[in-house]
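# Survey of secondary and tertiary structure
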Amino acid sequence: MIHCQSGDYSLSESLPRLSKQIEDYLKNIFKLQQESSPVTTSAIADCMEISAASVTSMVKKLDHQGLLTYKPYKGVVLSSKGEKVALEIIRHHRLLELYLNQKMGIEWDKVDVEAEELEHVLSEELEAVLDKELGYPTLDPHGDPIPAKDGTMVDTKEIGLLSLEAGRVTKITRVLQDDPNILRYLGELGFFPEMPIEVIEQSPLAGTVTLLVDGNRHTLGRDIASRIFALNE
């Protein structure tokens, strides 16, 4: 689970006015950076589904603006300024996802697309209203952490479902939303954050995991199961 330590800044401080494209770059680099740092330009290109040449051109521009450090053939690392922008956009996105899901009844597999557009135009005033209306949440509908105003995110002490031994009783913490069809399928089965689960059997050779979810027995393929995380306590 990503645990972001607070820097010497607050997200309530004014952010530079940047284009949607630049904000998307910074957001995606931040996410990739949690897995591996520096982040290669090829990883950014794959993530954003654009050409490597376009990425190289943009990261040079962002380096010049002080939003990241780019070293040819080594990759990029966000500066504190770039990280601040990324965290604010992620905060907007996840607050919007939660509001759209909880208050407007939009299914959890559809909120990402809507929040993707709205995150860039959400004002600080409306962000504060949403935060209060939602009860100052720390997690979005999928269990992803919502950055606080000081840049910190909660650590849910999670573990991948495939790493849980048979007989383990715990609860779901997060479900990846990289594939809306799979997310919809898991939602139909009741695989939501906070839902209690018990691992009945791990069958690597058969390529399946069998679980009890809220008292119902389900067998999942390991590719789908790899998108689910659970409390590791």
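About the thresholds
- Residues numbered from 1 in each chain as written.
- Predicted model: local features only at pLDDT ≥ 70, side-chain atom pairs only at ≥ 80, totals over all residues.
- Heavy atoms only, no water.
- Salt bridge = Lys/Arg side-chain N within 4 Å of Asp/Glu carboxyl O.
- Helix = DSSP H or I, 4+ residues; strand = E, 2+ residues; numbered from the N terminus.
- Buried < 20%, exposed > 50% of the residue type's maximum accessible area, 1.4 Å probe, protein only.
- Polar contact = N/O pair within 3.5 Å; in protein donor to acceptor, adjacent residues only side chain to side chain.
- Contact = heavy atoms within 4.5 Å.
- 1 Å grid on protein atoms, 1.4 Å probe; cavity = no way out; pocket = protein on both sides within 12 Å on 5 of 7 lines; lining within 4 Å.
- Points joined across faces, edges and corners; volume = space filled by probe spheres on them.
- Core = buried A, V, L, I, M, F, W, Y, C linked by side-chain atoms within 4.5 Å.
- Pairing = 2+ DSSP bridges.
- Axes fitted to C-alpha atoms, helices over the stretch in contact; angles between N-to-C directions.
- Parallel < 35°, antiparallel > 145°, perpendicular 65-115°, else oblique.
- Left-handed = near helix turned anticlockwise from the far one by under 90°.

Take the pattern of salt bridges next. Overall, the coordinates contain 17 salt bridges when judged by the stated rule. Between Asp 24 and Lys 27 there is a salt bridge; the shortest N-O distance is 3.7 Å. Here Lys 27 and Asp 24 lie together in helix α1 (residues 20–33), a separation of three residues that amounts to about one turn. Summarising the burial analysis for this pair, Asp 24 and Lys 27 share the class buried.

Time to look at the side chain of Asp 131. Tracing the backbone shows Asp 131 in helix α6 (residues 124–133). Polar side-chain contacts of Asp 131 include one of 3.0 Å to the side chain of Arg 91. Those residues within four positions of Asp 131 in sequence are excluded, and the remaining contacts are Arg 91, Leu 95, Tyr 136 and Pro 137.

As a further point, take the layout of surface pockets. Taken as a whole, the largest pocket spans an internal volume of roughly 1,100 Å³. For the largest pocket, the lining is made up of 32 residues, of which Asn 28, Lys 31, Arg 94, Gln 177 and Asp 178 are closest to its centre. Counting only elements with at least two residues in the lining of the largest pocket, the list comes to α1, α2 (41–48), α4 (80–102), α5 (111–118), β4 (169–175) and α7 (180–189). Sorting elements by how many residues they give to the lining of the largest pocket places α1 first, with five residues.

Take the nonpolar core next. With 23 residues, the main nonpolar core has Leu 26, Ile 44, Leu 62, Leu 68 and Val 76 as its most contacted residues. Those elements that provide at least two residues to this core are α1, α2, α3 (52–64), β1 (68–71), β2 (75–78) and α4. Apart from the residues lying within four places of it in its own chain, the contact partners of Leu 26 are Leu 18, Leu 62, Leu 67, Leu 78, Gly 82, Val 85 and Ala 86. One finds Leu 164, Val 175, Ile 182 and Ile 197 within the second-largest nonpolar core, a separate group that totals 20 residues.

Once that is clear, we can look at the sheet that holds strand β5 (residues 196–203). Strands sit in the order β3-β8-β4-β5-β6-β7 across an open sheet of six strands; the sheet is antiparallel. Of all strands in the sheet, those bounded by a partner on one side alone are β3 (158–160) and β7 (216–221). Between one strand and the next, the sheet's axes are offset by a mean angle of 45 degrees, whatever the strand orientation. Lying over the sheet, α7 contacts β4, β7 and β8 (228–231), oriented at roughly 160 degrees with respect to β7.

Turning our eyes to something else, we now look at the environment of Lys 61. Relative to the helices and strands, Lys 61 resides in helix α3. For the pair Lys 61 and Gln 34, spaced 27 residues apart in the sequence, the C-alpha separation amounts to 22 Å.

Between α1 and α2, the least distance of the axes is 10 Å, while the angle of their chain directions is 115 degrees. Taken together, the axis directions place α1 and α2 in an arrangement best described as roughly perpendicular. Regarding α1 and α2, the two cross each other, and that crossing is right-handed. For the pair α1 and α2, the contacting residues are Asp 24, Tyr 25, Asn 28, Ile 29 and Leu 32 in the first and Ala 43, Ile 44, Cys 47 and Met 48 in the second.

Okay, unusual backbone geometry next. With glycine set apart, most residues show a phi of negative sign, and most peptide bonds adopt trans. Look at the link from Ser 37 to Pro 38: it is a cis peptide, with omega at 0 degrees. On the secondary structure map, Pro 38 appears in the loop between α1 and α2. The backbone of Tyr 136 sits at a positive phi, close to 55 degrees, despite the residue not being glycine. The topology assignment puts Tyr 136 in the loop between α6 and β3. We classify Tyr 136 as exposed; its relative accessible area is 54%. The backbone of Glu 194 sits at a positive phi, close to 80 degrees, despite the residue not being glycine.

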